[in-house]
Amino acid sequence: MAEPHEEKEDQAEAHLNILRHSTSHLMAQAVKDLFPGVKVAIGPSIETGFYYDFDYEPGFTEDDFAKIEARMTELVKMDIPIVRKMVKKEDALEMFRKAGEAYKVELIEAIEDPEVSLYTQDNFTDLCRGPHLASTGQIGVFKLLSVAGAYWRGDEKNKMLTRIYGTAFPNQDSLDAYLKFVEEVKKRDHRRLGKELDLFSVSDEVGAGLVIYHPNGALLRYLLEDFERKEHLKRGYQFVVGPHILKLDMWKKSGHYENYRDNMYFTKIDDVDYGIKPMNCLSHIMVYRSTIRSYRDLPLRYFELGTVCRHEKSGVLHGLLRVREFTQDDAHIFLRQDQLHQEILNIMEFVHDVMEIFDFKYEMEISTRPDKYIGTLEDWNKAEQVLKEVLDGQGLPYDINEGDGAFYGPKIDIKLKDAIGRKWQCATIQCDFALPERFDLYYVDSDGKRKRPVMLHRVVLGALERFIGVLIEHYGGRFPVWLSPVQVIIMNITDEQEPYVRSMRDAMVSEGLRVELDTRNEKLSLKIRDGMVKKIPYMVVVGKKEMANETISVRVRDGGELKDIAVRDFIERVKEENLLRR
RNA sequence: GCCGAAGUAGCUCAGAGGUAGAGCAGCUCACUCGUAAUGAGCAGGUCGGGGGUUCAAUUCCCCCCUUCGGCUCCA
């Protein structure tokens, strides 16, 4: 049962959805008034507002928005009743056919009920399940936001329509609040912060989707890698390293050439074909196969910060979140069927611990057997059962994506939620029955017979590039001390303290702190400002007084001040934060 | 890949058929300064790349590349 206040929230949300849905119809009505010959497709409310898809030959641009919005405002003022009517399917079909609304006809044909509901406002009638507001006069404030192409029914084989996005709210204040929120989100954009904090760049001279890490970005990445290596060693993983290119025959054997070729790059050496790896599993399989394995050896957990190259379509590249070369915290675990439950539990605990350290909440999904699959039904059912049991056993909620598993096995996807509620796919755990089969992997069981191991593919952070991008936005560039590329910046007030702060910097660096020095001949307020802009956690100020007392004054990025603290105590404080990952 | 928009100094942006401008950053000088921008001066650009139209193109046209907003796909 929902709590009373939740019910209220649900009601408010439901109302907002109706408002937006009606605004979407209003926009369609305005567009049809203004642009004769336009055909309408679908126009739902969405999380951030609404959209409507149109088929119109010249298409629309944002220049058309003012005109459309003006007409919408007129229609609101006219306070036109929005009338619902149930009609027979055949009648609706005839009506939309006559009107030349081919998309509506297609939609109605797919409806099984004998009757469909229509909503009419003046000269505009739309097929719609509803509900809607009672009249256009009840519509609040709205704003058209962007145009975009969208395939009919989301299928890239279909015609591309023009989609107009907009948003709507009951009043101006809530619209303003939303637009302000959008601005805040822009300020957190990892591409913007990546530039401002000088973390990374991508260059069209080098190539699209290829990341160049600058010193601070590379340091951040190094800190994550260091974290990963320690955590994996702690959990019984072994490090392995494989090559970036493997003979094409390997990729044919594994099925990648057949199923993943479009995403791969190829090259030729001395007339032999090679494929650049899009995944790390094959080398790990070679390690497994390098000697005979006993049931006592399992599970074997091979870990690699493996860099892979994938040919992503040009239109999907996006900062660090979607690139063409990236490094996964990848592991392949070879184990017996009877170990599957415990091992997946281990991984889930691993994921949980890591998410907690970075202060992420997360959600889980199980993806089950697709229509096209390899392996036996029995294996699939068993594995799906195990995945469910593990999640049930933890008492954590999860969704099921029927038929969305990989062709070689079912999987658990973990979607993390960042500081402002957005979801990102990072960790995933995939069962694989296919590769052990294709590479004829086996172990010798207690009865002396050869048995086939199960293979798990899993990543925890996912791709370092994507994870770093998410981290930047999650923290808004204000990394916790242990992850800050620069933890401390020391500022002198006059030249007099310069040699002193230099030796202080050296002392801190030798204790493992990451320290910068600002000895520019500038006012303190400028140095503080620059330190704040660079989002450095600790700004250490040294003037005449501090030098005499061998203390420092520390301005803390996230608020507050450490007045006249001993250098030694400050160093210990930062060291502890490094250790505790704070 | 598809639809739409954009690309001007290191960054953020203005400009216009007659070969470009601001702020910040950079450099030089003065100021030696106590918690979010001291002042003055200097320097900085084949106006994304390639073709075309024109007496003349950074501006108009075509192609390409890249980026942005979406669609589709995904770590």
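Residues numbered from 1 in each chain as written. Chains lettered and ligands numbered in written order. Predicted model: local features only at pLDDT ≥ 70, side-chain atom pairs only at ≥ 80, totals over all residues. Heavy atoms only, no water.

Engineer: How would you summarise the overall build of chain A if you had to cite specific residues and measurements?
Structural biologist: Across its full length, chain A holds 18 helices and 28 strands. Along the first, second and third principal axes, the C-alpha set of chain A runs to 85 × 75 × 60 Å. By the burial criterion, 48% of the 582 residues in chain A qualify as buried. Counting only carbon and sulfur atoms, one obtains 49% of the accessible surface of chain A, whose full area is about 29000 Å². Between the mean site of the 84 positive side-chain charges and the mean site of the 99 negative ones, chain A shows a separation of 2 Å. (Helix = DSSP H or I, 4+ residues; strand = E, 2+ residues; numbered from the N terminus. Buried < 20%, exposed > 50% of the residue type's maximum accessible area, 1.4 Å probe, protein only. Areas by Shrake-Rupley, 256 points an atom, 1.4 Å probe, with all protein chains shown as cover. Lys, Arg positive; Asp, Glu negative; His and termini not counted. Charge placed at Lys NZ, Arg CZ, Asp CG, Glu CD.)

Engineer: Please provide a residue-by-residue account of the domain arrangement of chain A, values included.
Structural biologist: Along its sequence, chain A is organised into domain 1 (12–186), domain 2 (194–242 + 280–469) and domain 3 (481–580). Here domain 2 and domain 3 have C-alpha centroids that lie 40 Å from each other. Listed by partner, the interface residues are 9 residues for domain 2 and 9 residues for domain 3. In this assembly, domain 2 and domain 3 are joined by 0 salt bridges. The tally of links from domain 2 across to domain 3 stands at 0 residue pairs in polar contact (both at pLDDT 80 or more). Looking at which element gives the most residues to the side of domain 2 that touches domain 3, the answer is helix 7 (residues 215–234), with 6 residues. (Domains from an automatic or database assignment. Contact = heavy atoms within 4.5 Å. Salt bridge = Lys/Arg side-chain N within 4 Å of Asp/Glu carboxyl O. Polar contact = N/O pair within 3.5 Å; in protein donor to acceptor, adjacent residues only side chain to side chain.)

Engineer: Describe the nonpolar core, and please don't skip the residues or the numbers.
Structural biologist: If you look at the biggest cluster of nonpolar residues, it comprises 65 residues, and the most contacted ones within it are I344, F358 and L483. With 9 residues, the single largest contributor to this core is helix 11 (residues 340–357). Once you skip the residues sitting within four places of it in the chain, L483 turns out to touch L220, L223, L224, F358, L471, Y475 and R514. In this structure, A30, F35, L133 and I139 belong to the second largest nonpolar core, which totals 31 residues. (Core = buried A, V, L, I, M, F, W, Y, C linked by side-chain atoms within 4.5 Å.)

Engineer: Requested: an account of the environment of G137, with residues and values cited.
Structural biologist: Structurally, G137 is set in the loop between strand 6 (124–127) and strand 7 (141–151). Judged by its relative accessible area of 34%, G137 is partly exposed. Along the backbone, G137 and G477 are 340 residues apart, and their C-alpha atoms lie at a distance of 44 Å. With sequence-adjacent residues up to four places away left out, G137 is seen in contact with V76 and D79.

Engineer: Tell me about the sheet that holds strand 28 (residues 561–566), and name the residues and values.
Structural biologist: Taken together, the 5 strands give an open sheet; going across it, the order is 25-24-26-27-28, and neighbouring strands pair in mixed fashion. The open sheet has two edge strands, strand 25 (515–518) and strand 28, and neither has a second partner. Along the sheet, successive strands turn relative to each other by an average axial angle of 25°, direction set aside. Here 4 bridges tie strand 26 (residues 538–542) to strand 27 (residues 551–556), and the two strands are oriented antiparallel to one another. Looking across to strand 27, one finds that V540 is bridged to V554. Seen against the sheet, helix 15 (residues 498–510) touches strand 24 (488–492), strand 25, strand 26 and strand 27 and runs at an angle of roughly 165° to strand 24. (Pairing = 2+ DSSP bridges. Axes fitted to C-alpha atoms, helices over the stretch in contact; angles between N-to-C directions.)

Engineer: Describe helix 11, naming the residues involved and giving the relevant values.
Structural biologist: Two residues of an α-helix separated by three or four positions point the same way, owing to the 3.6 residues in each turn. For helix 11, which comprises 18 residues, the first-to-last C-alpha distance of 26 Å matches the rise-based estimate of 26 Å (1.5 Å per residue) to within 8%. Listed in full, the buried residues belonging to helix 11 are L340, E343, I344, L345, I347, M348, F350, V351, V354 and M355. Residue D359 follows helix 11 closely and has a positive phi angle near 65°. (Expected span 1.5 Å × (residues − 1).)

Engineer: Describe the pattern of salt bridges, naming the residues involved and giving the relevant values.
Structural biologist: Scanning all chains against the criterion turns up 49 salt bridges. Ionic pairing is found between E94 and K98, a salt bridge with its closest N-O pair at 3.6 Å. Taken as a pair, E94 and K98 lie in helix 3 (residues 89–98) at a separation of 4 residues, close to a single helical turn. Between R235 and E231 there is a salt bridge, with the nearest N and O atoms lying 2.5 Å from each other.

Engineer: Which residues make up the protein's contact with RNA strand B, and what are the values?
Structural biologist: Lining the immediate environment of RNA strand B, one finds 51 residues, of which Y151, M160, R322, N521 and E546 sit closest. Here a base oxygen of RNA strand B sits 2.4 Å away from a polar atom, N or O, in the side chain of R322. K545 is positioned with one of its backbone polar atoms (N or O) 3.4 Å from a base oxygen of RNA strand B. Looking at the surface near RNA strand B, the elements with two or more residues in it are strand 7, strand 8 (160–169), helix 6 (190–196), strand 16 (325–335), strand 20 (423–432), helix 16 (524–533), helix 17 (544–549) and strand 27. Its residues assigned to classes, the surface near RNA strand B shows 19 nonpolar, 13 polar and 19 charged. (Near = heavy atom within 4 Å. Nonpolar A, V, L, I, M, F, W, Y, C, P; charged D, E, K, R; others polar.)

Engineer: Summarise the packing of helix 7 against helix 14 (residues 464–475); cite the residues concerned and give the values.
Structural biologist: The contact between helix 7 and helix 14 brings their axes to 11 Å, and the two run at 115°. What the angle tells us is that helix 7 and helix 14 run roughly perpendicular. Here helix 7 and helix 14 pass one another in a crossing that is right-handed. Between helix 7 and helix 14, the residues in contact are L220, R221, L224, E225 and E228 and L464, E465, F467, I468 and L471, respectively. Of the residues assigned to the contact of helix 7 with helix 14, the class counts are 6 nonpolar, no polar and 4 charged. (Parallel < 35°, antiparallel > 145°, perpendicular 65-115°, else oblique. Left-handed = near helix turned anticlockwise from the far one by under 90°.)

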